[in-house]
Amino acid sequence: AQSVTQPDIHITVSEGASLELRCNYSYGATPYLFWYVQSPGQGLQLLLKYFSGDTLVQGIKGFEAEFKRSQSSFNLRKPSVHWSDAAEYFCAVARNQAGTALIFGKGTTLSVSS
Amino acid sequence: GAVVSQHPSWVICKSGTSVKIECRSLDFQATTMFWYRQFPKQSLMLMATSNEGSKATYEQGVEKDKFLINHASLTLSTLTVTSAHPEDSSFYICSARGLAGGNTGELFFGEGSRLTVL
């Protein structure tokens, strides 16, 4: 069965520092992968997605993610974090094809210190 | 981008009553909608998949008689929590895939509905 693991429950980063949030997936075929951000009490906003092609994906708000099949990873990165980036981040994999239900990781809470 | 709206965004009810949550796609037609449940500090757990004009498909462990889902039109799906109990208190989030979504996986999420059962 598909699954997503986000090893880090909580990360604190200084404003202006770089960020990497880890995501590992378990999937038998080519996965469709997503990163979402959730602010407190809010719904989800899509940051970026990977279906095929270039393994380095650019998203909104300056985020990027790299798909590494050999490591079953899809880590999210940002070169310089802003205080407004503090939120909950979820990695997800589509259940069996793009457009179907998503399986989410447990999320990583990002705190930004000044 | 496409907009999915949920209503109400916050509801408090007494134990034993039923609560209906609406999920609307505002600027596209949604053939499929998904309902998720999120406990505090937890991930989103898929409850059911709702296809317009047909019965919802529930995930294992989700009580279909307790969580009634209706997808009567291409722009509206409803989740009714029947005979609610305090343990049903949660954040319920819907997502929708449009007719034009194809295989691009474009899913749009609502802002969520927080249910508190007293």
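Above this text sits the structure in question.
Procedures and definitions
Residues numbered from 1 in each chain as written. Chains lettered and ligands numbered in written order. Predicted model: local features only at pLDDT ≥ 70, side-chain atom pairs only at ≥ 80, totals over all residues. Heavy atoms only, no water. Phe/Tyr/Trp six-rings, centres within 6.5 Å; stacked < 30°, edge-to-face > 60°. Helix = DSSP H or I, 4+ residues; strand = E, 2+ residues; numbered from the N terminus. Buried < 20%, exposed > 50% of the residue type's maximum accessible area, 1.4 Å probe, protein only. Salt bridge = Lys/Arg side-chain N within 4 Å of Asp/Glu carboxyl O. Contact = heavy atoms within 4.5 Å. Polar contact = N/O pair within 3.5 Å; in protein donor to acceptor, adjacent residues only side chain to side chain.

A. Geometry of the packing of aromatic side chains. Summed over all chains, the structure comprises 15 aromatic pairs over all chains. Here the aromatic rings of Tyr36 of chain A and Phe109 of chain B are separated by 5.0 Å at their centres, their planes lie at 70°, and the arrangement is edge-to-face. Linking Tyr36 of chain A in strand S5 (residues 33-38) with Phe109 of chain B in strand S10 (residues 107-109), this pair reaches from one chain into another. When its relative accessible area of 1% is taken as the criterion, Tyr36 of chain A is described as buried. A connected cluster of aromatic rings, assembled from ring pairs, spans Tyr32, Phe34, Tyr36, Phe51, Phe90 and Phe104 of chain A together with Tyr36 and Phe109 of chain B.

B. Representation of the pattern of salt bridges. All names here are of chain A. Summed over the entire model, instances satisfying the criterion amount to seven salt bridges over all chains. Among the ionic pairs, Arg22 bridges to Asp8, the shortest N-O distance being 2.8 Å. Pair noted here: Arg22 is in the loop between strand S3 (19-21) and strand S4 (24-26) and Asp8 is in the loop between strand S1 (3-5) and strand S2 (10-14), with a separation of 14 residues, a long-range link. The class of Arg22 is partly exposed, set by a relative accessible area of 38%. For Asp8, a relative accessible area of 17% corresponds to the buried category. Among the ionic contacts, a cluster of salt bridges with common partners joins Glu64, Glu66 and Arg77.

C. Representation of the environment of Arg24 of chain B in the model. Residue and element names in this part refer to chain B. Here Arg24 is to be found in strand S3 (residues 19-25). Assessed through its relative accessible area of 35%, Arg24 is described here as partly exposed. C-alpha of Arg24 to C-alpha of Asn70: the two residues are 46 residues apart in sequence and 12 Å apart in space. With residues near it in sequence (within four places) discarded, Arg24 still touches Val3, Val4, Ser5, Thr75 and Leu76. Looking at Arg24, its side chain comes within polar contact range of the side chain of Glu22, at 3.4 Å.

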